[in-house]
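Structural overview for review
Okay, here's what each chain looks like letter by letter:
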Amino acid sequence: DLIGMEEILQSSAQDRILKYAAIVGPDGRVLAHTDQGAVGKYLSDDTSRSALGGERGPRIFFSDVHTIHAVAPIIVEGEILGWSMLALDKSATIQHLRYVTHTGVLYTLVALIIGTIFATLLARSILRQLRHLLEGVDRLGANVLEPPVPVVSADEVGRVATAFNSVLGSLKETRSRLDGEITRRRNAEEDIRKLLQRQIGLIEEDRKRISRDLHDELGQALSGIQFGLRALESGLPASEGAMAQKCRELVGMVEAVG
């Protein structure tokens with residue numbers, strides 16, 4: 001049915017990537033072709049003719065940069081009645097691959113640029129937050145709890161900065177309580193010191209008063225003794241000269257004590 005085969009080939013010729021399609025007899029005579037001018041002619045090129053004697057199966061018998069040539073046997077009841085041959089144009093496919101490749105490369109470059117920018121901004125944010133944390137650690141090492149660390153990111157490093165500020169707040173509160181306790185103890189110690197000084201002053205005044213009172217009483221007693229000894233001396237007879245001398249000695253001792 002050469003007419004049927006011709007219709008099939010002509011309908012296939014509408015495909016843009018199809019360069020030609022042909023039905024060839026076993027002897028190489030073209031039975032149907034998308035180029036009607038080739039019908040009835042014999043294959044003239046050695047490559048096409050050699051393809052007719054190959055293995056009994058579809059295969060590519062020639063390929064170059066722009067075209068793929070394939071052949072398949074037409075077998076009925078184990079006998080080869082002819083060959084189906086076609087050639088496909090690879091130019092459109094190559095152009096499409098180039099387009100896809102260029103587009104892919106462009107998209108890849110854009111993605112790399114965007115990724116690099118994002119990574120740079122992210123790294124800058126992380127490094128900035130880390131610098132703030134290190135400054136906070138240095139201040140903490142110097143026992144300085146103010147100001148808190150600025151939180152410039154919402155990632156894990158920012159959460160660390162928030163936790164660090166919470167620790168600083170707790171330390172500040174603890175220090176405030178300790179300072180208040182130290183102040184209260186110092187005030188209590190000062191009050192105790194003043195109380196002791198006052199107590200010592202009172203004791204010293206009592207001692208002076210008692211000493212003064214004792215001195216006055218002792219002075220009065222000694223004066224009395226001295227007066228009594230002198231009276232005793234003046235009342236002794238002249239024969240009691242030794243006794244009078246003893247009274248004078250006692251009077252001298254009382255004067256020395258007074």
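Refer to the structure presented above.
Attention here is on the structure that accompanies the text. Note that the coordinates shown come from a computational prediction; the quantities given were computed from them, not determined experimentally.

1. Re the pattern of salt bridges
By the definition in use, this model includes six salt bridges. Linking Arg193 and Glu190 is a salt bridge whose minimum nitrogen-to-oxygen distance equals 2.2 Å. Pair noted here: Arg193 and Glu190 are both in helix H4 (residues 156-235), with a separation of three residues, about one helical turn. Between Asp206 and Arg209 there is a salt bridge whose closest N-O contact spans 3.9 Å. Here Asp206 pairs with Arg209, and both are found in helix H4, just three residues apart, close to one helical turn. Among the residues examined, Asp206 registers a relative accessible area of 37% and is labelled partly exposed. Classification of Arg209 by relative accessible area gives partly exposed; the value is 39%. One connected set of salt bridges, linked through shared partners, spans Glu181, Arg184 and Arg185.

2. Quick notes on the nonpolar core
Among the nonpolar cores identified, the biggest contains twelve residues, and these are Tyr20, Ala22, Val24, Val30, Leu43, Ala51, Leu52, Phe61, Val71, Trp83, Met85 and Ala87. Broken down by secondary-structure element, the contributors of at least two residues to this core are strand S1 (18-24) and strand S5 (79-89). Those residues in contact with Phe61 that sit more than four places away from it in its chain are Tyr20, Thr47, Ser48, Ala51, His69, Ala70, Val71 and Met85. Leu133, Val157, Ala161 and Phe164 belong to the second largest nonpolar core, which has seven residues in total.

Scoring rules and cut-offs
- Residues numbered from 1 in each chain as written.
- Predicted model: local features only at pLDDT ≥ 70, side-chain atom pairs only at ≥ 80, totals over all residues.
- Heavy atoms only, no water.
- Salt bridge = Lys/Arg side-chain N within 4 Å of Asp/Glu carboxyl O.
- Helix = DSSP H or I, 4+ residues; strand = E, 2+ residues; numbered from the N terminus.
- Buried < 20%, exposed > 50% of the residue type's maximum accessible area, 1.4 Å probe, protein only.
- Core = buried A, V, L, I, M, F, W, Y, C linked by side-chain atoms within 4.5 Å.
- Contact = heavy atoms within 4.5 Å.

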